Amino acid sequence: MTLSISSFKQLMVLLAGFLCFVPSSAATPLQQVAILPVNNLTTLPIPEERLQILLRDTLQQAGVSVLPAKETALFLSQHRLRYTGGIDRKTAMALQSETGVDGVLIAKVLNYKETFPGRIALTLTLTTNADDPRIRQSGAAALTARDNPGLFERGILHDFKVLEVRAVNEAVAKLLSPSGAPGAARQRYAPALLYRDPDLTFDRPLRIALLPFKNRSPRPYAGEIIAALFAAQLAKLPQVILLDPGTARQTMLANRLIMEGGVSLDQAQTLFGDLQADLLLTGTVSEYVEAENGGVPRILFTAQLLEQRTRRILWSIESRNSGSDGVFFFELGTVLNPCRLAEEMVRAGLATLPPRKES
Amino acid sequence: MVAKPELKLSAKLTHALRVGLGALLFFLAGCSLAKEGYRDPNMDFSSVQTIAVLPFANLSRETNAGDRLRDIFSTSLLATGGVYVLPSGEVARGMARANVGTAATPSVEDAIKLGGILKADALITGVVREYGEMRSGSTSANVVAVSVQMLETQSGRTVWNATSSRGGIGFSDRLFGGGGQPMNDISEQAVNDLINQLF
């Protein structure tokens with residue numbers, strides 16, 4: 001029996017994926033989850049259906065029961081649901097009562113480049129508690145074909161499908177990880193500017209509503225990408241209860257809130273009241289340059305937390321980095337995927353939040 | 001007893017040294033980066049606790065230069081911990097309510113009205129004069145030039161203004177090339193320069 005190198009690689013990836021996805025006994029088991037259609041935040045069309053199938057298969061291999069795609073599609077068409085980047089309370093309640101699912105998985109593809117060198121990034125968030133939708137678990141992956149070139153560039157991935165499977169496996173593994181803790185923040189990605197008010201304390205887990213990030217960069221969806229990465233990282237913090245971004249979106253639509261120059265205090269008050277949130281997170285993406293033609297990505301964003309009680313900004317950062325920061329020899333450690341860079345920056349930014357106070 | 005040899009410079013050498021020192025001082029004065037701004041001697045700056053940073057006027061070719069520098073300025077000012085900076089959305093709401101036409105040059109009445117609506121002790125307006133790449137021959141480098149002023153909201157008077165320009169083509173850029181410093185770095189240097197003049 002002969003086995004081609006490509007098949008062997010795929011088999012190894014599947015095996016590695018299978019070994020990672022042993023369901024955790026510590027996490028509260030979910031009966032069934034619905035996967036909403038993949039949210040495309042790239043600038044080009046992507047094979048959404050293929051990714052959807054890959055995601056469903058990977059979750060099922062990991063022991064998660066998934067609502068059949070036909071039933072999900074039927075629900076979406078019956079409720080005329082077109083926005084799949086988040087879920088509001090009304091929709092989550094309807095989904096739970098009509099299909100019996102107790103969780104909704106939202107997948108966002110942040111970048112996707114099939115031509116060599118391939119690049120892919122995605123985030124997965126699992127929203128539960130239909131009567132008060134909040135993100136319970138999250139996972140993200142951002143890979144490129146040249147991440148680990150190895151000796152004589154033998155580690156470069158020429159087959160994009162392998163990279164795609166690897167990325168989905170990694171994101172699902174992080175989503176189902178029992179510890180769920182965010183990785184360690186690296187100093188080189190620490191915010192350039194930081195303001196943290198001493199009044200910002202986490203005596204109890206605080207409810208955070210994530211608002212859209214304003215995009216001033218030429219890259220379409222850069223605001224959504226940074227917001228998605230904030231969601232993925234915030235959901236892992238023990239001092240935070242992260243409300244699904246769909247709830248904030250619904251409140252803004254219902255109250256006709258247009259935040260052209262940012263959130264005003266009146267608008268914030270409406271959001272605090274409707275969402276029962278303690279903090280609002282918002283920001284601006286000023287620069288989002290993807291690595292093209294052998295360059296490195298460059299990102300600049302600001303983020304602020306507005307508090308409900310004092311109606312003041314209690315935390316503000318400005319983060320700016322490039323993929324070559326902290327790289328000195330032979331391009332070792334260069335970050336080629338802009339989403340990976342953004343993820344590191346977001347993680348380092350959130351590491352500046354005070355930890356939860358033990359009573 | 002041995003007498004110490006007396007060091008005597010010739011008159012010509014002394015004269016040359018004086019001329020050289022004078023020329024050096026003259027050139028150093030010309031190279032000075034810090035520009036002295038205006039600071040009202042009667043103003044108690046410690047009483048300013050809440051500041052609204054209005055949108056910066058943009059005279060450069062870069063479309064978002066005003067917004068970018070305003071963002072950096074607001075975050076840097078907040079990061080000092082000395083004053084509280086209102087969220088930009090709240091400032092936008094206040095400007096719409098006060099019907100302020102030009103954010104860079106509000107009238108005295110506008111400044112007082114806006115201060116009342118926003119409950120701010122002072123307003124900061126700014127103008128981005130240069131933002132982007134400058135060229136000289138075959139050499140190019142990034143440059144930022146920005147000026148800001150603070151208006152006190154009780155009387156609408158200008159109590160402080162400052163100017164900073166950073167970047168540009170230096171001696172080493174001409175000699176070795178390299179394109180100067182990144183835009184974000186010099187923007188932050190310019191903003192730090194302005195804030196240092198305030199505190």
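This is a predicted model, so every value here is computed, not measured.

Is there a simple way to think about the overall build of chain A in this case?
Helix and strand content of chain A: nine helices and 11 strands. Taken over 359 residues, chain A has a buried fraction of 53%. Look at the contacts in chain A between residues 6 or more apart in sequence, and 71% of them connect residues 24 or more apart.

Help me understand the overall build of chain B in this model?
On a plain count of helices and strands, chain B comes out with six helices and seven strands. Sorting the 199 residues of chain B into buried and exposed places 44% on the buried side. A separation of at least 24 residues holds for 68% of the contacts in chain B among residues at least 6 apart in sequence. In the structure as shown, chain B presents an accessible area of about 11000 Å², 56% of it carried by carbon and sulfur atoms.

Mind showing me how you'd approach the nonpolar core here?
Across soluble globular proteins, you tend to see nonpolar side chains buried next to one another. Among the nonpolar cores identified, the biggest contains 66 residues, and I51, F73, L77, I124, M150 and W160 of chain B are the most heavily contacted of them. Of all the elements, helix α6 (residues 183-198) of chain B adds the most residues to this core, at seven residues. In this structure, I51 of chain B is in contact with L77, V83, Y84, V85, L86, A122, I124 and M150 of chain B, ignoring residues within four places of it in sequence. Among the nonpolar cores identified, the runner-up in size contains 45 residues, and A142, A235, F301 and L314 of chain A belong to it.

What am I meant to see in the pattern of salt bridges here?
Where side chains of opposite charge bring their charged atoms close, a pairing between them can arise. Enumeration according to the criterion identifies 24 salt bridges over all chains in this entry. For R219 of chain A, the salt bridge identified is with E290 of chain A, shortest N-O distance 3.0 Å. On the criterion of sequence distance, the pair formed by R219 of chain A in the loop between β7 (206-215) and α6 (222-234) and E290 of chain A in the loop between β9 (279-289) and β10 (298-307) is long-range, its members being 71 residues apart. Among the residues examined, R219 of chain A registers a relative accessible area of 7% and is labelled buried. Put simply, E133 of chain B and R135 of chain B hold a salt bridge, and the shortest N to O gap is 3.9 Å.

For this particular structure, what's the right way to read the confidence of the model for chain A?
Keep in mind that low pLDDT regions are not for reading the predicted coordinates in detail. All names here are of chain A. Across chain A, pLDDT averages 88, with 90% of residues at or above 70. Of the regions scoring below 50 in pLDDT, residues 1-6 engages in two contacts with residues more than four places distant in sequence or in other chains. Within the model, pLDDT remains below 50 along residues 8-26, and this stretch shows 20 contacts once partners closer than five positions in the same chain are excluded.

What should I look at first to understand the interface of chain B and chain A in this one?
Interface size is often expressed as the accessible area that is lost when the parts come together. Listed by partner, the interface residues are 21 residues for chain B and 24 residues for chain A. Taken together, both faces of the contact between chain B and chain A bury some 2000 Å²; the carbon and sulfur share is 53%. At the junction of chain B with chain A, the criterion picks out 11 residue pairs in polar contact (both at pLDDT 80 or more). Among the secondary structure elements, those contributing two or more residues to the side of chain B that touches chain A are α2 (65-79), β4 (84-85), α3 (88-98) and α6 of chain B. Considering each element in turn, the side of chain B that touches chain A owes the most residues, eight residues, to α2 of chain B. Residues that form the side of chain B that touches chain A fall into these classes: seven nonpolar, seven polar and seven charged.

Looking at this model, I keep getting lost on the sheet that holds β7 of chain A. Mind explaining?
Strand pairing in a sheet takes place through backbone hydrogen bonds and is either antiparallel or parallel in direction. Residues and elements named next belong to chain A. Reading across the sheet, the six strands line up as β6-β11-β10-β9-β7-β8 and stay open at both edges, with mixed pairing between neighbours. Because the sheet does not close on itself, it has two edges, and the strands there are β6 (193-196) and β8 (240-242). Between one strand and the next, the sheet's axes are offset by a mean angle of 25°, whatever the strand orientation. Bridge count for β10 against strand β11 (residues 313-322) is nine bridges, and the pairing is antiparallel. Looking across to β11, one finds that Q304 is bridged to S316. Sitting on the sheet, helix α9 (residues 338-350) touches β9, β10 and β11, and the angle it makes with β11 is about 145°.

Sorry if this is basic, but what is going on with the packing of aromatic side chains here?
The description of two aromatic rings rests on the distance between their centres and on the angle between their planes. Scanning all chains against the criterion turns up four aromatic pairs over all chains. Following the ring pairs from residue to residue traces out a cluster consisting of F213, F230 and F301 of chain A. If you follow R249 of chain A out to its NZ or CZ, it ends over the ring of Y83 of chain A, 3.7 Å from the centre. Positioned above the aromatic ring of F45 of chain B is the side chain of R39 of chain B, whose terminal nitrogen or guanidinium carbon lies 4.4 Å from the ring centre.

Any chance you could explain the environment of V64 of chain A here in plain terms?
Residue and element names in this part refer to chain A. Following the sequence through the fold, V64 ends up in the loop between α2 (48-61) and α3 (69-78). Residue V64 is classed as buried on the basis of its relative accessible area, which comes to 18%. If sequence neighbours within four positions are ignored, V64 has contacts with V33, L59 and L176.

Sorry, what's going on with a nonpolar patch on the surface here?
Together, F328, F329, F330 and L332 of chain A give the surface a local cluster of nonpolar side chains, amounting to about 630 Å² of exposed area. Mapped onto the fold, F330 of chain A is located in the loop between β11 and α9.

Is there a simple way to explain the side chain of T75 of chain B in this structure?
Within the secondary structure, T75 of chain B sits in helix α2. One polar contact links the side chain of T75 of chain B to the main-chain carbonyl oxygen of D71 of chain B, over a distance of 2.8 Å. With sequence-adjacent residues up to four places away left out, T75 of chain B is seen in contact with L193, T302, S316, I317 and E318 of chain A.

Teacher, can you tell me more about the side chain of S164 of chain B here?
Residues and elements named next belong to chain B. Residue placement: S164 occurs in strand β7 (residues 158-167). Looking at S164, its side chain comes within polar contact range of the side chain of D193, at 2.7 Å. In this structure S164 touches V144, A145, V146, A190, D193 and L194, once residues within four positions along its chain are discounted.

Procedures and definitions
Residues numbered from 1 in each chain as written. Chains lettered and ligands numbered in written order. Predicted model: local features only at pLDDT ≥ 70, side-chain atom pairs only at ≥ 80, totals over all residues. Heavy atoms only, no water. Helix = DSSP H or I, 4+ residues; strand = E, 2+ residues; numbered from the N terminus. Buried < 20%, exposed > 50% of the residue type's maximum accessible area, 1.4 Å probe, protein only. Contact = heavy atoms within 4.5 Å. Areas by Shrake-Rupley, 256 points an atom, 1.4 Å probe, with all protein chains shown as cover. Core = buried A, V, L, I, M, F, W, Y, C linked by side-chain atoms within 4.5 Å. Salt bridge = Lys/Arg side-chain N within 4 Å of Asp/Glu carboxyl O. pLDDT = per-residue confidence, 0-100. Buried area = accessible area lost by both parts, 1.4 Å probe. Polar contact = N/O pair within 3.5 Å; in protein donor to acceptor, adjacent residues only side chain to side chain. Nonpolar A, V, L, I, M, F, W, Y, C, P; charged D, E, K, R; others polar. Pairing = 2+ DSSP bridges. Axes fitted to C-alpha atoms, helices over the stretch in contact; angles between N-to-C directions. Phe/Tyr/Trp six-rings, centres within 6.5 Å; stacked < 30°, edge-to-face > 60°. Lys NZ or Arg CZ within 6 Å of the ring centre and 35° of its normal. Patch = residues over 30% accessible without salt bridge, like charges linked within 9 Å, V, L, I, M, F, W, Y side chains within 5 Å.

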